[in-house]
Amino acid sequence: MTDVYVRIHLDTPAGALRVDGHGLPSVELVRTPGSAADRHTPIGTRDAALLALTVDGRPAGLRPARGRLSRRSYRVDATVDGRRYRLVPCSYGESRLTRDGRRLGTLESTGDGRVDAGWEPDADALDQALGTVLAAGFGTGAQPWWHTAVEIVSELLP
């Protein structure tokens, strides 16, 4: 794998995100212009009908889960050139990226347009660009279901 340089361009109000750089394909994630943005997702929505993902200008498949109680409900699935990717939280702050079920790396992003990543040796440029755009666009990490349930119950108690 040659050295890559990653640039992340996130415009949360406009709902536009682009990842590119030396050695990387250009990956863009765009929210439908004029659509309302939620406060919890850096790209502004988890509704796939309001999002478009492209790799070097070619459309790619995208399916973000709804993001509810469990960590798994915050997963994001993408399909590029027959490769199936999944970004799923694995701790409070980190998410794991897989391609066709094989682990590629661990990413961390708080939604501020920055991503820290630890890549496996076989992660290629497309893997890194796509993982970075998913982490920057949807954030990473989630609480375990039991922690969320405890918070809900504690809010209901007097």
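In what follows, the structure referred to is the one given above.
These lines cover the structure that appears in this document, whether it is placed above or below. (Residues numbered from 1 in each chain as written. Predicted model: local features only at pLDDT ≥ 70, side-chain atom pairs only at ≥ 80, totals over all residues. Heavy atoms only, no water.)

**Let's talk about the sheet that holds strand E7 (residues 83–89)**
In plain terms, the rule: In this description, strands pair whenever DSSP reports at least two bridges between them. In DSSP terms, a helix is any run of H or I states spanning at least four residues, a strand is any run of E spanning at least two, and both are numbered starting from the N terminus. Here the axes come from fitting lines to C-alpha atoms, over the contacting stretch only for helices, and the angles between their N-to-C directions go from 0 to 180 degrees. Contacts: residue pairs with any heavy atoms within 4.5 Å of one another.
Judged by pairing direction, the sheet is antiparallel, and its ten strands sit side by side in the order E1-E2-E3-E4-E5-E6-E7-E8-E9-E10 without closing on themselves. The open sheet has two edge strands, strand E1 (7–11) and strand E10 (116–119), and neither has a second partner. Recorded for the sheet is a direction-independent mean angle of 20° between the axes of neighbouring strands. For E1 and strand E2 (residues 16–20), the ladder comprises five bridges, and the chain directions are antiparallel. Counterpart to Asp11 in the pairing with E2 is Ala16. Contacting E1, E2, strand E3 (27–31), strand E4 (51–55), strand E5 (58–64), strand E6 (76–80), E7, strand E8 (94–99), strand E9 (102–108) and E10, helix H1 (residues 125–138) runs over the sheet at an angle of about 40° to E7.

**Observations concerning unusual backbone geometry**
The following threshold applies: For the exposure calls, accessible area comes from a 1.4 Å probe over protein chains only, and a residue counts as buried if that area is under 20% of its type's maximum, exposed if over 50%, partly exposed in between.
Phi at Asp56 takes a positive value of approximately 50°, unusual for a residue other than glycine. Here Asp56 is to be found in the loop between E4 and E5. Look at Asp100: it is not a glycine, yet its phi comes out positive at around 50°. Tracing the backbone shows Asp100 in the loop between E8 and E9. A residue is classified by how much of its surface remains accessible, and Asp100, at 40% relative accessible area, is partly exposed.

**A few points about the nonpolar core**
Filter applied, for reference: The nonpolar core is taken to be a set of buried Ala, Val, Leu, Ile, Met, Phe, Trp, Tyr and Cys residues, with the residues joined through side-chain atoms within 4.5 Å.
Ranked by internal contacts, the top residues of the largest apolar core, which has 30 residues, are Leu29, Leu53, Leu62, Leu130, Val133 and Leu134. Those elements that place two or more of their residues in this core are E2, E3, E4, E5, E6, E7, E9 and H1. By residue number, the principal contributor to this core is H1, which donates nine residues. Sequence-distant contacts of Leu29, defined by excluding residues within four places in its chain, comprise Gly15, Ala16, Leu17, Ile43, Leu51, Ala52, Leu53, Leu62, Val133, Gly137 and Phe138.

**Considerations on the side chain of Asp77**
Filter applied, for reference: Pairs of N or O atoms are called polar contacts if they sit within 3.5 Å, as long as, within protein, a hydrogen donor faces a hydrogen acceptor (for residues adjacent in sequence, only side-chain-to-side-chain pairs).
Structurally, Asp77 can be placed in strand E6. By relative accessible area, which is 11% here, Asp77 ends up buried. Separated by 2.6 Å, the side chains of Asp77 and Arg86 make a polar contact. Here Asp77 is in contact with Gly61, Leu62, Arg63, Tyr85 and Arg86, once residues within four sequence places are set aside.

**Focus on the environment of Gly131**
Considering the arrangement of structural elements, one finds Gly131 in helix H1. The spatial distance from the C-alpha of Gly131 to the C-alpha of Val115 is 9.5 Å, given a sequence separation of 16 residues. Ignoring any residue separated from it by four or fewer positions in sequence, one finds Gly131 in contact with Leu97, Leu107 and Trp119.

Distances and angles like these do not, on their own, reveal function.
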